[in-house]
Amino acid sequence: MAGVSTESDEYERVAGAVLNQFRDELGLLSVGGKTKVQGVRSGTTWELDGSATTSTGKLIIEYRRYTKQKLKQEAVAAIVYRKDDCGAEAAILVSPLGLQAGAKRVAQAEKIHEVTLNADASADKYVAFIYREDAIQGIVADRMQMPTDELISATMTHADGTVEELDMGPKK
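Since the structure is predicted, the reported quantities are computational estimates derived from the model, not experimental observations.

Caption draft 1: Quick look at the overall build of the chain. Looking only at helices and strands, the chain has four helices and eleven strands in total. A buried classification covers 40% of the 172 residues belonging to the chain. Excluding contacts between residues fewer than 6 apart, the proportion of contacts in the chain whose partners are at least 24 apart in sequence is 46%.

Caption draft 2: Representation of the pairing of strand β7 (residues 112-117). Buried residues dominate β7, accounting for six of its six residues. Here β7 shows two buried faces, one formed by I112, E114 and T116 and the other by H113, V115 and L117. Bridge count between strand β6 (residues 90-95) and β7: five bridges; the pairing is parallel. The residue of β7 that forms the bridge with I92 is H113. Sheet analysis places β7 next to strand β8 (residues 128-131), joined by four bridges and oriented antiparallel. Its bridge partner being in β8, E114 is matched across the sheet by Y131.

Caption draft 3: Quick peek at the side chain of S95. Position of S95 relative to the elements: it lies in strand β6. Owing to a relative accessible area of 1%, S95 belongs among the buried residues under this scheme. One polar contact links the side chain of S95 to the main-chain amide nitrogen of G98, over a distance of 3.2 Å. Those residues within four positions of S95 in sequence are excluded, and the remaining contacts are Y11, R64, L71, V115, T116 and L117.

Caption draft 4: How the structure looks around the side chain of D85. With respect to the element layout, D85 can be found in helix α3 (residues 73-85). Although buried, D85 forms no salt bridge, and the nearest oppositely charged side chain, R41, lies 4.5 Å from it. Engagement of the side chain of D85 in a polar contact is seen with the side chain of W46, the distance being 2.7 Å.

Caption draft 5: Inspection of the packing of α3 against helix α4 (residues 101-109) at higher detail. Two elements in contact, α3 and α4, have axes whose closest approach is 8 Å; the angle formed by their N-to-C orientations is 20°. As summarised for this structure, α3 and α4 are arranged roughly parallel, according to the angle between their axes. Note that α3 runs across α4; the crossing there is right-handed. Contacts from Q73, V76, A77 and V80 in α3 reach G102, A103, V106 and A107 in α4. Across the contact of α3 with α4, the residue classes break down as six nonpolar, two polar and no charged.

Caption draft 6: View of the environment of G87. Looking at the secondary structure, you find G87 in the loop between α3 and β6. On the basis of relative accessible area, G87 is assigned to the partly exposed category, the value being 47%. Taking the C-alpha atoms as reference points, G87 and K58, separated by 29 residues in sequence, lie 8.0 Å from one another. If sequence neighbours within four positions are ignored, G87 has contacts with V40 and K58.

Caption draft 7: Main features of α4. Three or more residues of α4 are buried, namely G102, A103 and A107. Summarising the axial view, the buried residues of α4 lie within an arc of 135°, below the 170-degree limit, and thus occupy one face. Across from the buried face of α4, at angles greater than 90 degrees, the exposed residues are R105 and A109. Next to the buried residues of α4 lie α3 and β7. Following α4 by one or two positions, K111 has its phi on the positive side, about 60°.

What counts, and where the lines are drawn
Residues numbered from 1 in each chain as written. Predicted model: local features only at pLDDT ≥ 70, side-chain atom pairs only at ≥ 80, totals over all residues. Heavy atoms only, no water. Helix = DSSP H or I, 4+ residues; strand = E, 2+ residues; numbered from the N terminus. Buried < 20%, exposed > 50% of the residue type's maximum accessible area, 1.4 Å probe, protein only. Contact = heavy atoms within 4.5 Å. Pairing = 2+ DSSP bridges. Polar contact = N/O pair within 3.5 Å; in protein donor to acceptor, adjacent residues only side chain to side chain. Lys, Arg positive; Asp, Glu negative; His and termini not counted. Salt bridge = Lys/Arg side-chain N within 4 Å of Asp/Glu carboxyl O. Axes fitted to C-alpha atoms, helices over the stretch in contact; angles between N-to-C directions. Parallel < 35°, antiparallel > 145°, perpendicular 65-115°, else oblique. Left-handed = near helix turned anticlockwise from the far one by under 90°. Nonpolar A, V, L, I, M, F, W, Y, C, P; charged D, E, K, R; others polar. Arc of directions from axis to C-beta.

In C-alpha cells form, the structure reads like this:
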C-alpha cells in the first residue's frame, strides 16, 4: 500500500535521525536518506538506505530491523560488496540485535561500523550503542545516549572490558 509506513520504514527514519544527531561525534559531515547509486564494478543500480560523507570520503548506511536473530556473516558480506561496488570507504550498519560472531569478524575486517538501536526506537526514546575498532573519525566506542524518562539504571561495558553501572534515574 502506497503511503503506509511499515515498522522497517519507521526504524530507518528514526535511525537516520539518531545518526544525524550524532554526526559530529561520528566524524560525519552529512547524513542522507535513501538514494540510488550506480555500481562502479557491476554497473547495477543499488538502492541504499542512506549515505554519509566524511572529510575523506563517502559511506553507505544500511538499516536492518531484524528482531529474531543477530545478523549473519552472509548478510554482512553482502553489505561489504555493496560498499565496494558503490565506491564507499566504509559502511554503517544499524540493527537492533547486532551481529553474530562471524559477522563481527567480517565487519571489523571490511570497515563496516556496527550500531545497535532498539527495534521500538522513537525520536525521543531510544538506546543506541556504537561499536568500532578504528575509524569513523574519533567516535567513542562506548558512547551511549538514552533520552528516556523510564530508564532507571543501565550497565555499560567499555571496549576495554571494564563494566560500569550507570544510575540514570527518571527525569524530573
